[in-house]
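Here is how the chains run, residue by residue.
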Amino acid sequence: MDSAVKILNAVKYVGGTILTIGIAIFLYGFFISEYSTATGIGIGTIMGAVFIFMMGVFFVATEEMQQKVAKNVHIIQ
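Residues numbered from 1 in each chain as written. Predicted model: local features only at pLDDT ≥ 70, side-chain atom pairs only at ≥ 80, totals over all residues. Heavy atoms only, no water.

(A) Spatial organisation of the side chain of T39. Mapped onto the secondary structure, T39 falls in helix α2 (residues 37–70). Here the side chain of T39 touches F30 through a polar contact of 3.4 Å, landing on its backbone nitrogen. Among residues more than four places away in sequence, those in contact with T39 are F26, G29 and F30. (Helix = DSSP H or I, 4+ residues; strand = E, 2+ residues; numbered from the N terminus. Polar contact = N/O pair within 3.5 Å; in protein donor to acceptor, adjacent residues only side chain to side chain. Contact = heavy atoms within 4.5 Å.)

In structure tokens, the structure reads:
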């Protein structure tokens, strides 16, 4: 359980930081820059942050399910 909390906290901070950077790049490209390249990079960065967060949560959920199976806790009756 302790490792799951550590992984979730790490994923939360990394995902939040990358999401913030992606939003800043997107807003810069959409409102300030005359080139649309920055807008695309911002959208890609935001999607990457969401993907990193979802993969981290999936990893923690999978790890907890494996621990429950190892303890012979039957989930489906």
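Still to come is the rest of the account.
(B) Examining helix α1 (residues 2–32) more closely. Under the 1.5 Å per step criterion, the end-to-end length of α1 is 44 Å for 31 residues, consistent within 8% with the ideal 45 Å. Buried residues of α1: A4, V11, G15, G22 and G29, and no others. For α1, the elements touching its buried residues are α2. (Expected span 1.5 Å × (residues − 1). Buried < 20%, exposed > 50% of the residue type's maximum accessible area, 1.4 Å probe, protein only.)

(C) Examining the packing of aromatic side chains more closely. Summed over all chains, the structure comprises two aromatic pairs. Here the aromatic rings of F26 and F30 are separated by 5.6 Å at their centres, their planes lie at 15°, and the arrangement is stacked. Taken together, the residues span about one helical turn, with F26 and F30 both in helix α1 at a distance of four residues. When its relative accessible area of 24% is taken as the criterion, F26 is described as partly exposed. (Phe/Tyr/Trp six-rings, centres within 6.5 Å; stacked < 30°, edge-to-face > 60°.)

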